[in-house]
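# What the coordinates show
Here is how the chains run, residue by residue.
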Amino acid sequence: MPIPTVLVVDDEQLIRWSLSQRLEHEGYRVVEAGTAETALARHGEGVDLVLLDYTLPDGDGLAVLKRIKDADADTVVIMLTAHSSVDLAVEAMKGGAYHYANKPFNLDEIALLVEQALETTRLRREVRALRATQAQPFSLDRIVGQSRAIAEAKALLQKVAASPASTVLLTGESGTGKDLAAKVLHYASSRAARPFMNITCSALPDTILESELFGHERGAFTDARSQKRGLLESADGGTVFLDEIGEMAPALQAKLLRFLEEKTFKRVGGVADLRVDVRVVAATNRHLEEEVQKGRFREDLYYRLNVLPIVLPPLRARADDIPALVHYFVDAYNTEFRKRVRGVSAEAMRRLQAHGWPGNIRELRNAVERAMLLVDGDQLTADQFPALSGAGPRLSEAVDLPAAGINLEQLERSLVVQALERSGWNQTRAAGLLGLNRDQIRYRIEKFKLEKPAAAAE
Ligand SMILES: Nc1ncnc2c1ncn2[C@@H]1O[C@H](COP(=O)(O)OP(=O)(O)O)[C@@H](O)[C@H]1O
Ligand SMILES: [Mg+2]
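Residues numbered from 1 in each chain as written. Chains lettered and ligands numbered in written order. Predicted model: local features only at pLDDT ≥ 70, side-chain atom pairs only at ≥ 80, totals over all residues. Heavy atoms only, no water.

## A closer look at the overall build of the protein
Within the protein, the regular secondary structure consists of 18 helices and 16 strands. Relative to the compact-globule value of 23 Å for 458 residues, the protein shows a C-alpha radius of gyration of 30 Å, a clear excess of over 25%. Dimensions of the protein along its principal axes, counting C-alpha atoms only, are 85 × 75 × 35 Å. For the protein, with 458 residues in total, the buried portion stands at 42%. At a minimum sequence separation of 6, the contacts of the protein that also span at least 24 residues come to 68%. Total accessible area computed for the protein in this model is approximately 24,600 Å², and 51% of it derives from carbon and sulfur atoms. Averaging the coordinates of the 59 positive side-chain charges in the protein and doing the same for the 64 negative ones gives two points 5 Å apart. (Helix = DSSP H or I, 4+ residues; strand = E, 2+ residues; numbered from the N terminus. Rg over C-alpha atoms; globule rule 2.2 N^0.38 Å. Buried < 20%, exposed > 50% of the residue type's maximum accessible area, 1.4 Å probe, protein only. Contact = heavy atoms within 4.5 Å. Areas by Shrake-Rupley, 256 points an atom, 1.4 Å probe, with all protein chains shown as cover. Lys, Arg positive; Asp, Glu negative; His and termini not counted. Charge placed at Lys NZ, Arg CZ, Asp CG, Glu CD.)

Now the structure itself:
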């Protein structure tokens, strides 16, 4: 930790002087203030600990304490008071003071208090940082959401994580959390202490992908000057995540299938069969079944992968999860950007829930990130989400009319029912989800003779 800075606030110069002398002697950097106003200004320049007098010429110490804590909750404040009053002490502790000392104080006592306080904060900061970065970075809780669709996916992930059974196929549109699910699966499994390796099949030319995955022998091809271990070997005991498996070339698909069935493989240019124990988790945003029909994906590999399919639902199918996700990202960016946003306005949340989110959670995260960068106050409002029109829902893509046609009345009824269910029969919100006004939705409720089910009654 760099040299801690201590701010000494007292209107009596002699007290400031004696405290500064002692603390500088202890090795701290010391800055002084004689008024509440200077104290706040100095604090804004960055201090770790404040020794704060209770009575100041231009304000009382408790008010200064509050403003310091509001500006930076991590600053440690020790109150100094001339009259030993229990009430004051209690108020100070309630206001977030670390401790208080009565005047006249003993300098040894103050020096000790300062040292302990700084040590405690240092430890507290370290623990917090550790918790944020390491402790269970990918526990199941990291997947935010309570909707039925996501709850099902989470339950499956948990089950699969606990079982040694191998291959898993994650499907879902881009941004629905496939990468996240793969990591959660790995870290929730008994393989957690072993490597998690991932590779994006579409990012590399076939031959390179092959040697990345399976490794190669020296001289296997022009550039192979030395032997190289592949991902499968490096991940032994752990998990290999094959992202965008739908883009894998057919020849490689065959080699992967052989590995999945026999647990053995050969390095490129090698003859020896190598055996490793890895769980393969594959992901795709394509409809593999269609790819199989079109002859682009091997049917046998598809069936081998599809033993344990886990579907990550698109965000628009689980608008109920949007508030929780938004709050999750607000918290995360509060920490990252050192902001103190406490909430989201009702109008902004309405628009967030009505939006179609073609980019799914990734798009939502980016929208919140941008809003958090722009916001000045302690609440996100619709102003920070200019891309979300207030007009109502937008379909992510045009709906293709199926070849066999559809029944428009039935579709309309079904959409109205879904909107009502999703909004707990709140007609205004349901109307919002459909881009209608209240009269228009009432008209449809009557037209379709819809009735609020007893269970949803308030
Ligand atoms: N259920 C979720 N809860 C919290 N964050 C999520 C969730 N699903 C996805 N994310 C976040 O959204 C972003 C996109 O997810 P990602 O796993 O990369 O999607 P995909 O691999 O399907 O494109 C990442 O930042 C991820 O951490
Ligand atoms: Mg991904």
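## Describing the site of ligand 1
Around ligand 1 lies a shell of 16 residues, among which Gly175, Lys178, Asp179, Arg362 and Arg365 are the nearest. Taking Arg142, its side chain carries an N or O atom lying 3.0 Å from an oxygen atom of ligand 1. At a separation of 2.7 Å, an oxygen atom of ligand 1 approaches a polar backbone atom of Gly175. Protein chains bury 91% of the 550 Å² of accessible surface belonging to ligand 1 in isolation. (Near = heavy atom within 4 Å. Polar contact = N/O pair within 3.5 Å; in protein donor to acceptor, adjacent residues only side chain to side chain.)

## Re the nonpolar core
Core analysis: the biggest nonpolar cluster contains 30 residues, and Leu242, Ile245, Met248 and Phe259 have the highest contact counts within it. When residues in this core are grouped by element, the largest group, 5 residues, is from helix α10 (residues 250-262). In this structure Met248 touches Cys201, Leu209, Leu213, Leu242, Gln253 and Leu256, once residues within four positions along its chain are discounted. (Core = buried A, V, L, I, M, F, W, Y, C linked by side-chain atoms within 4.5 Å.)

## As for helix α6 (residues 148-162)
Its 15 residues give α6 an end-to-end C-alpha distance of 21 Å, which sits within 8% of 21 Å, the value for a rise of 1.5 Å per residue. Looking at α6, one finds that the buried residues are Ile150, Ala153, Lys154, Leu157, Val160 and Ala161. The buried side chains of α6 occupy one side of the element, clustering within an arc of 130° when seen end-on. Among the exposed residues of α6, those oriented more than 90 degrees off its buried face are Arg148, Gln158, Lys159 and Ala162. In the core, the buried residues of α6 are packed alongside β8 (168-171), α7 (178-187), β13 (279-284) and β14 (309-311). (Expected span 1.5 Å × (residues − 1). Arc of directions from axis to C-beta.)

## Focus: the sheet that holds strand β2 (residues 29-33)
Read from one edge to the other, the open sheet built from 5 strands follows the order β2-β1-β3-β6-β7, with strand pairing classed as parallel. Taken across any chain shown, the strands that pair with only one partner, and hence form the sheet edges, are β2 and β7 (99-102). Averaged over all neighbouring strand pairs, the angle between strand axes comes to 20°, with direction disregarded. With 4 bridges connecting them, strand β1 (residues 5-9) and strand β3 (residues 49-53) associate as parallel partners. Looking at β3, one finds that Val8 is bridged to Leu51. Across the sheet, helix α3 (residues 61-71) is in contact with β3 and β6 (76-81); its angle to β6 comes to roughly 175°. (Pairing = 2+ DSSP bridges. Axes fitted to C-alpha atoms, helices over the stretch in contact; angles between N-to-C directions.)

## Considerations on the pattern of salt bridges
If you walk through the whole model with that rule in mind, you get 30 salt bridges. Linking Glu412 and Lys447 is a salt bridge whose minimum nitrogen-to-oxygen distance equals 3.3 Å. Pair noted here: Glu412 is in helix α16 (residues 408-422) and Lys447 is in helix α18 (residues 438-447), with a separation of 35 residues, a long-range link. For Lys447, a relative accessible area of 31% corresponds to the partly exposed category. Salt bridges here are not isolated pairs; linked through shared partners, they connect Glu247, Arg286, Glu291 and Arg296. (Salt bridge = Lys/Arg side-chain N within 4 Å of Asp/Glu carboxyl O.)

## Some remarks on the sheet that holds strand β10 (residues 239-243)
Either a parallel or an antiparallel arrangement is found when strands of a sheet pair, and the pairing is made through backbone hydrogen bonds. One open sheet accounts for 5 strands, arranged β9-β10-β13-β8-β14; its pairing is parallel. Lying at the two open borders of the sheet, with one neighbouring strand each, are β9 (196-200) and β14. When strand polarity is set aside, the average angle formed by the axes of neighbouring strands in this sheet is 20°. Strand contacts of α6: β8, β13 and β14, with the helix running at about 150° to β14, the strand carrying the most contacts.

## Quick word on the packing of aromatic side chains
Applying the stated criterion across every chain, the model contains 7 aromatic pairs. Taken together, the aromatic side chains of Phe214, Phe259 and Phe265 make up a single cluster linked through ring pairs. Directly above the ring of Phe214 sits Lys255, whose terminal nitrogen or CZ lies 4.6 Å from the centroid. (Phe/Tyr/Trp six-rings, centres within 6.5 Å; stacked < 30°, edge-to-face > 60°. Lys NZ or Arg CZ within 6 Å of the ring centre and 35° of its normal.)

## Some points on the packing of helix α17 (residues 427-434) against α18
Their axes nearest at 9 Å, the elements α17 and α18 cross at an angle of 100°. Considered as vectors, α17 and α18 are oriented roughly perpendicular to each other. Here α17 contributes Gln427, Thr428, Ala430, Ala431 and Leu434 to the contact with α18, which in turn contributes Arg438, Ile441, Arg442 and Ile445. (Parallel < 35°, antiparallel > 145°, perpendicular 65-115°, else oblique.)

## Quick word on helix α2 (residues 36-44)
For α2, the complete set of buried residues consists of Ala36, Ala39 and His43. Down the axis, α2 shows its buried residues gathered within 55° of arc, on one side only. Residues of α2 that are exposed and angled more than 90 degrees away from the buried face: Glu37 and Gly44. Count one or two residues on from α2 and you reach Gly46, which has phi positive near 105°.

## Description of the environment of Gly356
Mapping Gly356 onto the fold places it in the loop between α14 (346-354) and α15 (360-374). For Gly356, a relative accessible area of 5% translates into the label buried. For the pair Gly356 and Phe297, spaced 59 residues apart in the sequence, the C-alpha separation amounts to 30 Å.

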